[in-house]
Amino acid sequence: MLADLHNHSCLSPCASLEMSPGLIARTAAAKGIGLIALTDHNSTRNCPAFRDACKRYNLTPLFGMEITTTEECHVLTLFDDLDAAMEMNRWIAAVQPRIPLNLDYYSDQPVVDADDNIIELLTYFLGQAVPHSLESVRRQTRLLGGLFIPSHINRHSFSVESQLGFLPPGDYDAIEVVPGTVDAYRRRYPDLPVITASDSHCPEQIGTWPFHIHLEGQGHDIAAIRRGLMNLTLNNLSSTP
Amino acid sequence: MTLKDIAALESVQTLHPDFNADTAVTGGYTSDLLSDVMANADDGCLLITIQAHNNTVAVAALAGAAGILICNNRPVPEDMIASARREGLAIFCTPRNQFEASCMLGRQFGV
């Protein structure tokens, strides 16, 4: 199955307003993606619409967000259960800085339904770092039963490597790396699943960098996805010289 | 103090010419966390940082900074310079570290 675990909807201040959950699901399905996550910056507010949209196209959804930690590292936190994702959202929203959204530099942040109707416009900038550390976000994600995956760890900004200089040893379900660097990172971290993701912000980017995952059984829950990710490390070992 | 005066400081190099050199610089703000800059930097400040990438230009422009001083001789990518030219935002670089650069600017302001 093709999986793409990092996508931004119109709710993200840096994403195209065309990126409705409905359009993301439709485009992903057309590109053969089977497992797809919605990961807006520091908010899961478009995940209810994403659940409905994925149902229409028979996609397995993951509900999450890309959190900007206090260290300004971007990390993905992903749930198979919408309620858990919304609980994570409450935990973030309770402490999120309320910096007004500047529309000269960013786009509107609409919460929409599965039919692209606008329900609400969020007026504070969602990209701002939240006052929770990488470790604190990891713990809360685990507490709520989610997957914890640092985003584009070798990008030049907002990544674990750009902010900390290294990947702290820890409990990761996978690491997302910049396309083209998967083999190098598999050699460097043979015990970790190394994945790519589209990090889509506009329609053309949807489904551009998925990865293959084998999921056993019918119910594609977090446990099955975690096993599928762990199986990726078998490739690491076989390709390690 | 203006951007022209910053450009004239010892060890400071100007990375593009497309800004108003008479723009007033009202102080400095030293930080490598862009969320901190966004929340706390004052209008008209010179942003002193090692964050040499495109996002720094957006955050500096949003915060109303007069310019950016990249420390430690960090290489400044072309796309960052191009964005700064579009914004009319000055970018300087220096081999000094953030502490030394802050002290240098602080002396100009009598801090």
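Considerations on the overall build of chain A
Link 1 in the chain: Assigned secondary structure in chain A consists of seven helices and 10 strands.
Link 2 in the chain: Taken against the 2.2 N^0.38 rule, which gives 18 Å for 241 residues, the C-alpha radius of gyration of chain A at 17 Å falls within 12% of a compact globule.
Link 3 in the chain: Taking all 241 residues of chain A together, the buried fraction comes to 59%.
Link 4 in the chain: Across chain A, the fraction of contacts at a sequence separation of at least 24, relative to all contacts at a separation of at least 6, is 69%.
Link 5 in the chain: Here chain A has roughly 9,700 Å² of accessible surface; of this, 53% comes from carbon and sulfur atoms.
Link 6 in the chain: Of the side chains in chain A, 17 bear a positive and 28 a negative charge, and the two mean positions are spaced by 4 Å.

A few points about the packing of helix H3 (residues 54-63) of chain B against helix H4 (residues 78-87) of chain B
When two helices pack together, their arrangement is given by the angle between their axes and by how far apart the axes lie.
All names here are of chain B.
Link 1 in the chain: Taken N-terminus to C-terminus, the directions of H3 and H4 make an angle of 25 degrees; their axes are 8 Å apart at the nearest point. As judged from the angle between their axes, H3 and H4 are roughly parallel. Along this stretch, H3 crosses H4, giving a crossing that reads as right-handed. Contacts between H3 and H4 involve Asn 54, Thr 56, Val 57 and Ala 61 from the first element and Asp 79, Met 80, Ser 83, Ala 84 and Glu 87 from the second.
Link 2 in the chain: The residue makeup of the contact of H3 with H4, split by class, is four nonpolar, three polar and two charged.

A look at unusual backbone geometry
Residue and element names in this part refer to chain A.
Link 1 in the chain: Even without being glycine, Asn 42 reaches a positive phi, approximately 55 degrees.
Link 2 in the chain: With respect to the secondary-structure elements, Asn 42 resides in the loop between strand S2 (33-41) and helix H2 (47-56).
Link 3 in the chain: Residue class for Asn 42 comes out buried when judged on its relative accessible area of 1%.
Link 4 in the chain: Phi at Asp 199 is positive, roughly 45 degrees, even though this residue is not glycine.
Link 5 in the chain: With respect to the secondary-structure elements, Asp 199 resides in the loop between strand S9 (194-195) and strand S10 (211-212).

Comments concerning the packing of helix H1 (residues 21-30) of chain A against H2 of chain A
All names here are of chain A.
Link 1 in the chain: At a minimum axis distance of 8 Å, the contact between H1 and H2 shows a crossing angle of 35 degrees. Handedness of the crossing formed by H1 with H2: right-handed. Every residue of H2 that contacts H1 at Pro 21, Gly 22, Ile 24 and Ala 25 is listed here: Ala 49, Phe 50, Ala 53 and Cys 54.
Link 2 in the chain: The residue makeup of the contact of H1 with H2, split by class, is seven nonpolar, one polar and no charged.

A closer look at the layout of surface pockets
Link 1 in the chain: Approximately 590 Å³ is the volume found for the largest pocket.
Link 2 in the chain: Along the walls of the largest pocket sit 29 residues, with Cys 14, His 74, Tyr 106 and Phe 158 of chain A together with Asn 55 of chain B positioned nearest its centre.
Link 3 in the chain: Secondary-structure elements contributing two or more residues to the lining of the largest pocket are strand S3 (60-68) of chain A together with helix H2 (34-40) and H3 of chain B.
Link 4 in the chain: Counting residues per element, the lining of the largest pocket draws most heavily on H3 of chain B, which supplies four residues.
Link 5 in the chain: When grouped by side-chain class, the residues that make up the lining of the largest pocket number 11 nonpolar, 13 polar and five charged.

Rules behind the numbers
Along each chain, numbering runs from 1 in the same order as the chain's sequence is written. Think of it this way: whatever chain is written first is A, whatever ligand is written first is 1, and the rest follow in order. Per-residue local features of the predicted model are confined to residues with pLDDT of at least 70, and side-chain atom pairs are confined, for both listing and counting, to 80 or more; whole-chain, interface and lining totals are unaffected and use all residues. As a convention, hydrogens and water are excluded, and side-chain values are obtained from all of the structure's heavy atoms. Secondary structure follows DSSP: runs of H or I at least 4 residues long count as helices, runs of E at least 2 residues long count as strands, and numbering of each begins at the N terminus. We take the radius of gyration over the C-alpha atoms and set the globule estimate at 2.2 Å times the residue count to the 0.38 power. Exposure classes here rest on a 1.4 Å probe applied to the protein chains alone. A residue is buried below 20% of its type maximum, exposed above 50%, and partly exposed in between. When checking whether two residues touch, look at their non-hydrogen atoms; a contact exists if any pair is within 4.5 Å. All accessible-area figures derive from a Shrake-Rupley calculation using a 1.4 Å probe, and residue coverage is judged against the displayed protein chains alone. The convention is simple: Lys and Arg are positive, Asp and Glu are negative, and His and the chain ends are not counted. Working definition for charges: the position is that of NZ of Lys, CZ of Arg, CG of Asp or CD of Glu. To get an axis, fit a line to the C-alpha atoms, keeping to the stretch in contact for a helix; angles then go from 0 to 180 degrees between the N-to-C directions. Each angle gets one of four labels, with under 35 degrees taken as roughly parallel, over 145 as roughly antiparallel, 65 to 115 as roughly perpendicular, and the rest as oblique. A crossing counts as left-handed when the near helix is turned anticlockwise from the far one by less than a right angle, and as right-handed when that turn is clockwise. Under this grouping Gly is polar, as are all residues other than the nonpolar Ala, Val, Leu, Ile, Met, Phe, Trp, Tyr, Cys and Pro and the charged Asp, Glu, Lys and Arg. Each cavity reported here is a set of points on a 1 Å grid over the protein atoms alone in which a 1.4 Å probe fits but cannot get out, each pocket an open set with protein on both sides within 12 Å along at least five of seven lines, and each lining residue one with an atom within 4 Å of a point. Grid points are joined across faces, edges and corners, and a volume is the space filled by probe spheres set on the points.

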